[in-house]
Amino acid sequence: MTRSAVWHPFTQHALEPPMKRIASTKGAYLIDEHGDRFLDAISSWWVITHGHRHPAIMKAIRAATEAYDQIILAEFSHEPAETLARGLIEIAPAGLSHVFYSDSGSTSVEVALKMALGYFHNKGEPRDRIVVMEASYHGDTIGTMSTGERGVFNAAYESLLFGVDRLPFPAAGREEQTLDAFEAFCRSGRVAALIVEPLVLGAGGMKIYDARVLAGLKEIATRHACLFIADEVMTGWGRTGTMFACEQANISPDILCTSKGLTGGSLPLAATLCTSEIFNAHLSTDRRKTFFHSSSYTANPIACAAAVANLEVWRSEPAFERIGTLEALHRQHLERLRGDARFTHVRQAGTIAALDLIAPAAGYLAEAGPRLRRLFRERGLLIRPLGNVIYLMPPYCVTSDELARAYDAIDEVASIVLGKA
Ligand SMILES: *Cc1c(COP(=O)(O)O)cnc(C)c1O
């Protein structure tokens, strides 16, 4: 076999077996070159919402290729970008009026941070501090790593990361500490923006917190006139049970980042939505107040057409019914595992289910990670635990039987790894 030239993401090549080649995808499955099927229980890193290769989205992509490839978005616009922007404003929390396009979750967050800093810069207010939540993840660029949790993942780049103010995670019973910490930072008058993953901290370990905390943070931000950035890159598009997680706190952010499920997971695209107040702070005959940002592939028309088709899927198909069914199924399965001595912190937010495997010894599970993944793969499942956190985030087309298979595998694999089977 010829050696692969591909350097894979978040992969220690010295410890991993050769990558399995996927030849096609369909619904909830990845299908390899031998025809073996893997249930995609994590939606291919959280991007696939309805299912792989949704026919309506694929059809829209094919149609778009008959008309466009890439079109510069300065001086020019195009129908898919315009239709999508209107559609996003319609479904987003009230008050968001402008859409800035980019191509990944990380870039949508970079855009959000630059919008916030530009807003205060252009108003002549000296605010430049960013407040973040402990254990959060906002991407892997230098800027987004700066706002995320520090650790082994970014130790090598530490010297380039900018300083931020960190709020403690609002664990149940300690919510007030988070709100008090935010209030204290705000009193400095230097805070430009708070950035949070609403309701669920994804890569930080599927940590779930109460919607009332989100509402409390928004209230404090508003009172101190600092901007509230909702990073809905993972939580958007129904994952937490509502279209956007902010809806559950009944709040409208000043800036909202969306990417992963924006095209149903079919093509890379991102959008940063903001209020007219932020847009207007950049609106001036003084060119220095321009929002100086662009990606080469900003608003790629084919990706925008896929996202427009995705919006139509949400309008015309019973997506929320599927989500409701999936939520109920998770609840039943998790109920069984709640009293299980092998697991702790059994939790759920909408279509996301997570539990922590109890380690027999400290540090043991870091070693067990690759083993867990292999055991799941051998059972025809794509499940990638975050340390000792096992979670399921399947596409909404997953059936009751398929989900049951995933839970059976968790049960079996946990026993093997803990040496109880
Ligand atoms: C995945 C993720 C990002 C980064 O998105 P990329 O497309 O991988 O750059 C940012 N924020 C959150 C909350 C995410 O889950």
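Keep in mind it's a predicted model, so treat the numbers as computed, not measured.

A few points about the domain arrangement of the protein
Interface size is commonly expressed as the accessible area that is lost once the parts come together.
Link 1 in the chain: Here the protein is partitioned into domain 1 (57–316) and domain 2 (318–417).
Link 2 in the chain: Each of domain 1 and domain 2 has a C-alpha centre, and the two are 28 Å apart.
Link 3 in the chain: With 16 residues of domain 1 in contact, the opposing surface of domain 2 contributes 18 residues.
Link 4 in the chain: Here domain 1 meets domain 2 over a buried area of about 1300 Å², counting both sides, of which 69% is carbon and sulfur.
Link 5 in the chain: On the domain 1 side of the interface with domain 2, the three residues burying the most area are Met206, Arg239 and Trp314, jointly 46% of the side's total.

Considerations on the site of the ligand
Link 1 in the chain: Neighbouring residues of the ligand: Trp46, Ser104, Gly105, Ser106, Tyr137, His138, Gly139, Glu197, Asp231, Val233, Met234 and Lys260.
Link 2 in the chain: Within the backbone of Gly105, an N or O atom sits 2.8 Å from an oxygen atom of the ligand.
Link 3 in the chain: Lys260 is positioned such that a nitrogen or oxygen atom in its side chain is 2.7 Å from an oxygen atom of the ligand.
Link 4 in the chain: Protein chains bury 83% of the 380 Å² of accessible surface belonging to the ligand in isolation.
Link 5 in the chain: Looking at side-chain class alone, the shell around the ligand contains 4 nonpolar, 5 polar and 3 charged residues.

Remarks on the packing of aromatic side chains
Link 1 in the chain: One pass over the structure, following the stated rule, counts 10 aromatic pairs.
Link 2 in the chain: Measuring from ring centre to ring centre gives 5.9 Å for Phe169 and Tyr209, while their planes differ by 85 degrees; the resulting arrangement is edge-to-face. Of the two residues, Phe169 sits in the loop between strand E6 (165–167) and helix H6 (175–186) while Tyr209 sits in the loop between strand E9 (207–208) and helix H7 (211–223), which places them 40 residues apart along the sequence. Tyr209 matches Phe169 in its accessibility class, with the two residues each being buried.
Link 3 in the chain: An aromatic cluster is built from Trp237, Phe244, Trp314, Phe320 and Tyr396, whose rings are joined through pairwise contacts.
Link 4 in the chain: Between Arg37 and the ring centre of Tyr29, over which it is positioned, the NZ or CZ distance is 4.0 Å.
Link 5 in the chain: In this structure, Lys207 packs its charged tip against the face of Phe169, placed 4.9 Å from the ring centre.

With respect to the state of the cysteines
Link 1 in the chain: This model, assessed by the stated rule, comprises 0 disulfides.
Link 2 in the chain: No disulfide involves Cys274; its sulfur sits 11 Å from that of Cys257, the nearest cysteine.
Link 3 in the chain: Note on Cys304: no disulfide assigned, nearest cysteine sulfur contributed by Cys274 at a separation of 16 Å.
Link 4 in the chain: Judged by relative accessible area, Cys304 falls into the buried class, the value being 0%.

About the criteria used
Residues numbered from 1 in each chain as written. Predicted model: local features only at pLDDT ≥ 70, side-chain atom pairs only at ≥ 80, totals over all residues. Heavy atoms only, no water. Domains from an automatic or database assignment. Contact = heavy atoms within 4.5 Å. Buried area = accessible area lost by both parts, 1.4 Å probe. Near = heavy atom within 4 Å. Polar contact = N/O pair within 3.5 Å; in protein donor to acceptor, adjacent residues only side chain to side chain. Areas by Shrake-Rupley, 256 points an atom, 1.4 Å probe, with all protein chains shown as cover. Nonpolar A, V, L, I, M, F, W, Y, C, P; charged D, E, K, R; others polar. Phe/Tyr/Trp six-rings, centres within 6.5 Å; stacked < 30°, edge-to-face > 60°. Helix = DSSP H or I, 4+ residues; strand = E, 2+ residues; numbered from the N terminus. Buried < 20%, exposed > 50% of the residue type's maximum accessible area, 1.4 Å probe, protein only. Lys NZ or Arg CZ within 6 Å of the ring centre and 35° of its normal. Disulfide = S-S within 2.5 Å.

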